[in-house]
Amino acid sequence: MGTVSSRLPVFPWDRLEPYKATAAAHADGIVDLSVGTPVDPVPALVQKALTDAADSPGYPTVWGTAALRDALTGWAERRLGATGLAHTNVLPVVGSKELVAWLPTQLGLGAGDRVAHPRLAYPTYEVGARLAGAEPVVYDDPWELDPAGLKLLWLNSPSNPTGRVLSADELRRTVAWAREHGVLLFSDECYIELGWEADPVSVLHPDVCGGSYDGIVSVHSLSKRSNLAGYRAAFLAGDAAVLGELLQIRKHGGMMIPAPVQAATVAALGDTEHVGEQRERYARRRTALREALEAAGFRIEHSQASLYLWATRDESCWDTVADLAKRGVLVAPGDFYGTAGERFVRVAFTATDERVDAAVRRLAQ
């Protein structure tokens, strides 16, 4: 029996463990700005929705309740400007990472097929291609790709790790190119509600897609906007034919969101107040860390959106990681996201106010 894991790169976060141990030995404790996991409370109305639905003894459905699908289409219309969405245009998924990792397999891709992703990117795009036995390819500008054998094209705006935001013109050109060459386009938009110096646009906006969802799907998550990383609540919106095929496959695979999480998702998407409050928290932390990093000799590039600062002081990312770990601050090395990031680090501003303040003090030393 072949070992599937042999197709995959080394799990990147395992390489960070020695530096995490160094940071944790700091007298005032570690400030972990590496993974970017939410630390603030789950909104009270979401917790209530979850507990109110706790008595759910039956199996949930993969497609979700009608109330959930109403919430998904309603949010996409209000927030993304998408028009004319039906229930067939949405599909709940068990967290966005699961979707990214298994999408090429669920699409039936394999040897001889190619999956494209940005040169600097979330590592799971490559992992998904390799799990399916397909070939991952990187790009700087997607319309410069060779379309031969290219079956799936990933966009990511706002970007993880760089925080770069693609303009409506760039998105429109990419959608047109993908349609011209018959390439399925998936746009990872999990940070779309976290624009700081830019207003991110969805591929589902009519100015981008022309009011048609043919060949395009957007990916969304509640992990960041609503502090629901522990709930594994995410969804897709777009091409009904693509989502219908995925729905049939996922029914056979039992890929269903628990009923209480479905109810919590409905509550979270129906409320904007908690999103605004969380944005204010992140804005304060972002400003404090950016000013401290720049004062300490770092240069911040892109970072117009998302939960990260893409920072460099023009040295090996691992030298930066080691130096900051000695100060008790843990950041992610840029080469986790591709060789083009080898002189950058990704700094998350998801720590508590108290820990962010500690990082600011240490950076000034």
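Residues numbered from 1 in each chain as written. Predicted model: local features only at pLDDT ≥ 70, side-chain atom pairs only at ≥ 80, totals over all residues. Heavy atoms only, no water.

Across its full length, the protein chain holds 12 helices and 13 strands. Along the longest, intermediate and shortest principal axes, the C-alpha atoms of the protein chain span 55 × 50 × 50 Å. Each of the 365 residues in the protein chain was classed as buried or not, and the buried ones make up 53%. Taking the intrachain contacts of the protein chain between residues at least 6 apart in sequence as the baseline, contacts between residues at least 24 apart amount to 74%. Surface exposure of the protein chain reaches about 15000 Å², of which carbon and sulfur atoms provide 53%. When the 36 positive and 45 negative side-chain charges of the protein chain are each reduced to one mean point, those points stand 3 Å apart. (Helix = DSSP H or I, 4+ residues; strand = E, 2+ residues; numbered from the N terminus. Buried < 20%, exposed > 50% of the residue type's maximum accessible area, 1.4 Å probe, protein only. Contact = heavy atoms within 4.5 Å. Areas by Shrake-Rupley, 256 points an atom, 1.4 Å probe, with all protein chains shown as cover. Lys, Arg positive; Asp, Glu negative; His and termini not counted. Charge placed at Lys NZ, Arg CZ, Asp CG, Glu CD.)

The next subject is the state of the cysteines. With the rule as written, the count across this model stands at 0 disulfides. Not engaged in a disulfide, the cysteine cysteine 190 finds its nearest cysteine sulfur in cysteine 209; these two sulfurs lie 18 Å apart. Assessed through its relative accessible area of 11%, cysteine 190 is described here as buried. (Disulfide = S-S within 2.5 Å.)

On to the packing of helix 4 (residues 96-106) against helix 8 (residues 240-253), then. Following both chains from N to C, one finds helix 4 and helix 8 inclined at 100 degrees, their axes separated by 12 Å at the closest point. One way to sum up the angle between helix 4 and helix 8 is to call them roughly perpendicular. Contacts between helix 4 and helix 8 pair Glu98, Leu99, Leu103 and Gln106 from the former with Leu246, Ile249 and Arg250 from the latter. The class makeup of the residues in the contact of helix 4 with helix 8 is 4 nonpolar, 1 polar and 2 charged. (Axes fitted to C-alpha atoms, helices over the stretch in contact; angles between N-to-C directions. Parallel < 35°, antiparallel > 145°, perpendicular 65-115°, else oblique. Nonpolar A, V, L, I, M, F, W, Y, C, P; charged D, E, K, R; others polar.)

On inspection of all chains with the given rule, the structure shows 12 aromatic pairs. Both rings, one in tyrosine 191 and one in tyrosine 308, keep their centres 5.7 Å apart while their planes meet at 65 degrees; by these two values the pair is edge-to-face. With a gap of 117 residues between them, tyrosine 191 in the loop between strand 6 (184-188) and helix 7 (206-209) and tyrosine 308 in strand 10 (residues 308-312) connect regions that are remote in the sequence. Each member of the pair, tyrosine 191 as well as tyrosine 308, is classed as buried. Seen from their ring centres, phenylalanine 336 and tyrosine 337 are 6.4 Å apart, and the 55 degrees between their planes marks the pair as tilted. Linked through ring pairs, Trp13, Tyr19, Trp318, Phe336 and Tyr337 together constitute an aromatic cluster. Of note, arginine 69 hangs over the ring of tryptophan 63, and the distance from its end group to the ring centre comes to 3.8 Å. One Lys or Arg, arginine 346, reaches over the ring of tyrosine 308 and ends 3.7 Å from the middle of that ring. (Phe/Tyr/Trp six-rings, centres within 6.5 Å; stacked < 30°, edge-to-face > 60°. Lys NZ or Arg CZ within 6 Å of the ring centre and 35° of its normal.)

Another point: the side chain of serine 187. With respect to the element layout, serine 187 can be found in strand 6. Of the polar contacts made by the side chain of serine 187, one reaches the side chain of glutamate 189; its length is 3.0 Å. With sequence-adjacent residues up to four places away left out, serine 187 is seen in contact with Leu155, Val203, Val217, Ser218 and Val219. (Polar contact = N/O pair within 3.5 Å; in protein donor to acceptor, adjacent residues only side chain to side chain.)

Here we come to the sheet that holds strand 10. Overall, antiparallel pairing links the 4 strands, which are arranged 9-10-13-12 in an open sheet. In this open sheet, the two edge strands, each paired with only one partner strand, are strand 9 (299-301) and strand 12 (332-333). Pairing between strand 9 and strand 10: 3 bridges, direction antiparallel. Residue pairing in the sheet places isoleucine 300 in a bridge with alanine 311 of strand 10. (Pairing = 2+ DSSP bridges.)

Note that tryptophan 63 resides in the loop between helix 2 (44-52) and helix 3 (66-80). Filtering out sequence-adjacent residues up to four positions away, tryptophan 63 remains in contact with Arg69, His87, Thr88, Val90, Leu91, Pro92 and Leu247.

What follows covers the nonpolar core. Counting residues in hydrophobic clusters, the biggest one holds 66 residues, and the most contacted among them are Leu33, Trp154, Phe186 and Leu236. Tallying contributions element by element places helix 11 (residues 317-326) first for this core, with 5 residues. Filtering out sequence-adjacent residues up to four positions away, phenylalanine 186 remains in contact with Leu99, Leu103, Leu152, Leu153, Trp154, Leu155, Val217, Val219, Leu236, Val242 and Leu246. Core analysis: the second largest hydrophobic core is formed by 44 residues, Ala82, Ala116, Val183 and Tyr231 among them. (Core = buried A, V, L, I, M, F, W, Y, C linked by side-chain atoms within 4.5 Å.)

In space, the 7 strands of this open sheet follow the order 2-8-7-6-5-3-4, with mixed pairing throughout. Single-partner strands in this sheet number two, and they are strand 2 (90-93) and strand 4 (135-139). Averaged over all pairs of adjacent strands, the angle between strand axes in this sheet comes to 20 degrees, irrespective of strand direction. In this sheet, strand 8 (residues 234-238) lies alongside strand 7 (residues 216-221) in antiparallel orientation, the contact comprising 5 bridges. Each bridged residue has a counterpart across the sheet, and for histidine 220 the counterpart in strand 8 is phenylalanine 235. Relative to strand 4, helix 5 (residues 124-132) is tilted by about 150 degrees, and along the sheet it contacts strand 3 (114-118), strand 4, strand 5 (150-156) and strand 6. Helix 6 (residues 168-181) rests against strand 5, strand 6 and strand 7 of the sheet, and its axis sits at about 170 degrees to strand 5.

Moving on, we get to the pattern of salt bridges. Two side chains of opposite charge can pair, provided their charged atoms sit close to one another. Overall, the coordinates contain 24 salt bridges when judged by the stated rule. Close ionic contact of arginine 290 with glutamate 294 constitutes a salt bridge, the shortest N to O distance being 3.3 Å. Of this pair, arginine 290 and glutamate 294 both sit in helix 10 (residues 273-295), 4 residues apart, roughly one helical turn. Taken together, the shared-partner salt bridges connect Asp28, Glu354, Arg355 and Arg362 into one network. (Salt bridge = Lys/Arg side-chain N within 4 Å of Asp/Glu carboxyl O.)

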